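Letter by letter, the chains look like this.
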Amino acid sequence: MKGRTIAAVLCTIAPLSARANEAATSSLPPPSPELLAPSRSAPPVSMHPRVVLRDSAGEPVLTSGEAVSPEKSCGACHDVAWINAHSYHGTLGSDERVPLGKARSGRRWDFSPGVFGRWDPLSYLVAPTSNSHTEALSEWLRHESWRHVGGGPGAGSIERNCFLCHVKGADNAARIATTSAGHFRFAATATLRSTGLVAGQDDSFRWQRERFADDGSVAALELKLGRATDEACAFCHGLGYRERSPLGYDFTDPRLRTTHTQGIIVSPQRMSDSALNLQGKEQLARPWDVHAERMVTCTGCHFTPNHPAYSYLGRAAAPEHLRFDTRRVEIADYLHRPDHNFAKGRTAQGTMAAQLAGSLRRCEKCHDASTTHEFLPRAGRHFAALLCESCHVPKAHAPARMTTDWSLPARPGEPSVMLRGLQGPASDRLAYVTGFEPILLARRDSDGVRRVGPYNLLTTWFWIEKGPAGERPVPLSTLNQALFDARGALRPELRTLLDSNRDGRVSPEEHVLDTEIKVRTARALLTAAGARTPRLAGEIQPFGIHHGVAPGRFATRDCAACHDKHSRFEAAFLLASRVPFGVTPKLVGDANVTLSGRIELSPNGQLVYTQRAADQGLYVLGATRSRFVDTLGMALVLGAFASAALHGALRIRLARKRRVEERSHEKSNTSTTEVGR
């Protein structure tokens, strides 16, 4: 234990010292060439001890040739069991189970608030209600391999993959391919393929003996071990880009989660330097995200709760008279048991680990807005009513998903998808990207105050049937069998109805069940394929936009953006340009916002959400109209005019009366003088 503690301390001192030296020298001028030492590349140094890669039986893989076990390899120094129990990225909601129908989402088939148990409209797959190794669980693990790090619901099949986040340049593509093929126990081995320690693919990997010491150990530098990188976060959370080459990506990839659902890219690169065909690109000399430009890493905000440098004791734990409490977990204890329940915000889409919602430091915890907002009238009032993102994310400059239509998939297993902020086919990387202006919605924060922030609204349509355990989405296999033939083409009876212009093909604009007869026909096909009493349903999932922050000079500064009759608070927000017949989508139950406005069809058949600031309990000067306030204001104005007129009339009357009295007094004095004479 003592040796492990010393090694743990040394592991921390090295990166801390390196960062301290880098910070101390970054502001110094470069040394003169004469003072530079002769060119000699010093070998890199790591104070992390050598690691023996072991298999599930605890034997070195160099001896056994078996797949590597991250838990056996890392468990010599780290309390892997404790880490597994303190990581919502691994459990994915499987430890927050509730009875069917009791989930906060309101869906009768959900049984947790996390990825495992909460239905995902983007992927459609319903998680199995049992964690035991069944074919349904195997299918879920294969399908969700891209965002499942192991452990949790798949603990009996896939170990928690420490290498995925802590090995720089981990081979995520090889890991996904291996897991998708069902070779679960080789997932971690495939992750190390980029290090050169192992070669092969699928279930036929070979360890490279020349890269190991005789005892089966490898140096930390060989493994490229270190703290979790932004690249690792981007494997599951969206497009994080730090390369010098112009940025470009696939608009249709739903695995770029944050980018695909919110139109957000985390990159220090200037938008004008990207390879995207952006609207007004020549004026966009700003980074995609100012925090990425200022070298703030993901873990700088989403830190581990017991990290000695970042953690803080809440008011419940710290005395009220202390602004800062120096008591922290010792470094050795932290490295032995690093908490993996990262700090998280209070978002509409991050529904699992609700006990950690709000543990993330908000903007005001790092920035003193009072020193930089002198231009803003009544700044304190704005800070109390608005999230900083309302102005500092004035626009999402990348496309984001607008609709997911499973009522009539585009192809077997693939929904009909529409993106907002994009003109042209999503498959064309040179399509014209216009971006979109997020809608402003109010949420209730941890202090009980309602504040407004930017959101994207994603609308989904799908079929529901009455299954053995209650309502659930119609299985994807049934959906494919009912609506498509063996070649993957639409059933003739549907194709005839959809081809409204009779040109012999179904265009994307025609690919929608927008009439009663089309819906009836699809329902009949589903019933014939085995669906039980199928019905169409629709829901709206809000996605809070908290990344992609603009520098101050690019933030909203025009008062008319809100305080005008065309205010952002009262602008219509497009939910869908094509809508299935007879379905009005409803807000998903566990969102932390409300849609208090109106959802209605426009004359051109588009589904639009309109709201007023008053619907959210807000009164925005210049935009909000209140009959009571307007009447009261008019009454006060008229009263002021009447008071002024009455006051003036009285003064005039008194002045006239005074002049009459003065004349009378003068006449009286004149008469008295004449009598005296």
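Residues numbered from 1 in each chain as written. Predicted model: local features only at pLDDT ≥ 70, side-chain atom pairs only at ≥ 80, totals over all residues. Heavy atoms only, no water.

1. Here we look at the overall build of the protein
Line of reasoning, step 1. Per the secondary structure count, the protein includes 21 helices and 17 strands.
Line of reasoning, step 2. Burial statistics for the protein: of 677 residues in total, 42% are counted as buried.
Line of reasoning, step 3. Taking contacts inside the protein between residues at least 6 apart in sequence as the whole, the part at least 24 apart equals 64%.
Line of reasoning, step 4. When the accessible surface of the protein is totalled, it reaches about 35,900 Å², and 55% of it is carbon and sulfur. (Helix = DSSP H or I, 4+ residues; strand = E, 2+ residues; numbered from the N terminus. Buried < 20%, exposed > 50% of the residue type's maximum accessible area, 1.4 Å probe, protein only. Contact = heavy atoms within 4.5 Å. Areas by Shrake-Rupley, 256 points an atom, 1.4 Å probe, with all protein chains shown as cover.)

2. A few points about the pairing of strand β13 (residues 535-544)
Line of reasoning, step 1. Of all 10 residues that make up β13, 9 are buried, and the element is covered over most of its length.
Line of reasoning, step 2. Here strand β11 (residues 450-467) runs beside β13; their pairing, made up of 10 bridges, is antiparallel. The residue of β13 that forms the bridge with Trp 463 is Leu 536.
Line of reasoning, step 3. Across 2 bridges, the pairing between β13 and strand β15 (residues 586-587) is parallel. The residue of β15 that forms the bridge with Glu 539 is Lys 586. (Pairing = 2+ DSSP bridges.)

3. Observations concerning the side chain of Thr 258
Line of reasoning, step 1. Summarising the element assignment, Thr 258 is placed in helix α12 (residues 257-262).
Line of reasoning, step 2. Within polar-contact distance, the side chain of Thr 258 engages the backbone oxygen of His 237 at 2.3 Å.
Line of reasoning, step 3. Those residues in contact with Thr 258 that lie beyond four places of it in its chain are His 237, Gly 238, Gly 263 and Ile 264. (Polar contact = N/O pair within 3.5 Å; in protein donor to acceptor, adjacent residues only side chain to side chain.)

4. Some details on helix α6 (residues 135-143)
Line of reasoning, step 1. Those residues of α6 lying buried are Leu 137, Ser 138, Trp 140 and Leu 141. Axial view of α6: buried residues confined to an arc of 160°, hence all on one face.
Line of reasoning, step 2. Buried positions along α6 lie against α8 (172-180). (Arc of directions from axis to C-beta.)

5. Some thoughts on α8
Line of reasoning, step 1. Residues of α8 that are buried include every one of Asn 172, Ala 174, Arg 175, Ile 176, Thr 178 and Thr 179, and no others.
Line of reasoning, step 2. Summarising the contacts, the buried residues of α8 are in contact with α6, α7 (162-166), α9 (187-191), β3 (204-207) and α11 (230-237).
Line of reasoning, step 3. Directly after α8, the chain includes Gly 182, whose backbone phi takes a positive value near 90°.

6. Some remarks on the sheet that holds strand β14 (residues 573-576)
Line of reasoning, step 1. Pairing is antiparallel across the open sheet formed by 3 strands, whose spatial order is β14-β17-β16. Looking at strand neighbours, the two that pair on one side only are β14 and β16 (598-601), the edges of this open sheet. Across the sheet, the axes of successive neighbouring strands diverge by a mean angle of 30°, strand direction being ignored.
Line of reasoning, step 2. In terms of strand pairing, β14 meets strand β17 (residues 607-610) through 3 bridges, oriented antiparallel. Looking across to β17, one finds that Ala 576 is bridged to Leu 607. (Axes fitted to C-alpha atoms, helices over the stretch in contact; angles between N-to-C directions.)

7. Regarding empty space enclosed by the protein
Empty space left among the atoms is revealed by rolling a probe the size of a water molecule over them.
Line of reasoning, step 1. Throughout the structure, instances matching the rule amount to 4 cavities of 30 Å³ or more.
Line of reasoning, step 2. Of the pockets and cavities examined, the largest cavity occupies roughly 70 Å³.
Line of reasoning, step 3. If you go around the largest cavity, the residues you meet are Thr 403, Asp 405, Ser 416, Met 418, Trp 461, His 511, Val 512 and Arg 578.
Line of reasoning, step 4. Listing elements by their share of the lining of the largest cavity, those giving two or more residues are β6 (400-405) and β7 (416-420).
Line of reasoning, step 5. Along the lines of polarity and charge, the residues of the lining of the largest cavity split into 3 nonpolar, 3 polar and 2 charged. (1 Å grid on protein atoms, 1.4 Å probe; cavity = no way out; pocket = protein on both sides within 12 Å on 5 of 7 lines; lining within 4 Å. Points joined across faces, edges and corners; volume = space filled by probe spheres on them. Nonpolar A, V, L, I, M, F, W, Y, C, P; charged D, E, K, R; others polar.)

8. Overview of the sheet that holds strand β8 (residues 422-423)
The strands making up a sheet associate through backbone hydrogen bonding, with each pair oriented either parallel or antiparallel.
Line of reasoning, step 1. Across the sheet, which stays open at both edges, the 3 strands sit in the order β5-β9-β8 with mixed pairing between neighbours. What marks the edges here is a single partner per strand, and that holds for β5 (277-278) and β8.
Line of reasoning, step 2. Where β5 lies against strand β9 (residues 432-433), 2 bridges are found, and the strand directions are parallel. Bridge assignment links Leu 278 to a residue of β9, and that residue is Val 433.

9. Considering the pattern of salt bridges
Line of reasoning, step 1. All chains considered together, the criterion is met by 28 salt bridges.
Line of reasoning, step 2. Glu 66 is the partner of Arg 185 in a salt bridge, and the nearest nitrogen-oxygen pair spans 3.3 Å. One end of the pair, Arg 185, is in the loop between α8 and α9; the other, Glu 66, is in the loop between α2 (61-64) and α3 (70-74), with 119 residues separating them in the sequence.
Line of reasoning, step 3. We classify Glu 66 as partly exposed; its relative accessible area is 36%.
Line of reasoning, step 4. One salt bridge connects Glu 389 with Arg 362, and the closest N-O pair in it is separated by 2.8 Å. You can see Glu 389 sitting in helix α17 (residues 389-392) and its partner Arg 362 sitting in the loop between α15 (331-336) and α16 (379-385), a full 27 residues away along the chain.
Line of reasoning, step 5. Sharing partners across several salt bridges, the network here consists of Asp 120, Glu 144, Arg 147 and Arg 257. (Salt bridge = Lys/Arg side-chain N within 4 Å of Asp/Glu carboxyl O.)

10. Observations regarding the packing of aromatic side chains
Line of reasoning, step 1. In the structure shown here, the tally under the stated rule is 11 aromatic pairs.
Line of reasoning, step 2. Aromatic side chains Trp 109 and Phe 462 sit 6.1 Å apart centroid to centroid with 80° between the ring planes, which places their arrangement in the edge-to-face category. Here Trp 109, found in the loop between α5 (88-91) and α6, pairs with Phe 462, found in strand β11; they are 353 residues apart in sequence, far enough to count as distant. Exposure class is identical for Trp 109 and Phe 462. Each is buried.
Line of reasoning, step 3. The interplanar angle of 75° and the centroid separation of 5.6 Å between the aromatic rings of Trp 119 and Tyr 124 together place this pair among those described as edge-to-face.
Line of reasoning, step 4. The class of Trp 119 is buried, set by a relative accessible area of 2%.
Line of reasoning, step 5. In this structure an aromatic cluster arises from ring pairing among Trp 109, Trp 119, Tyr 124, Trp 406 and Phe 462. (Phe/Tyr/Trp six-rings, centres within 6.5 Å; stacked < 30°, edge-to-face > 60°.)

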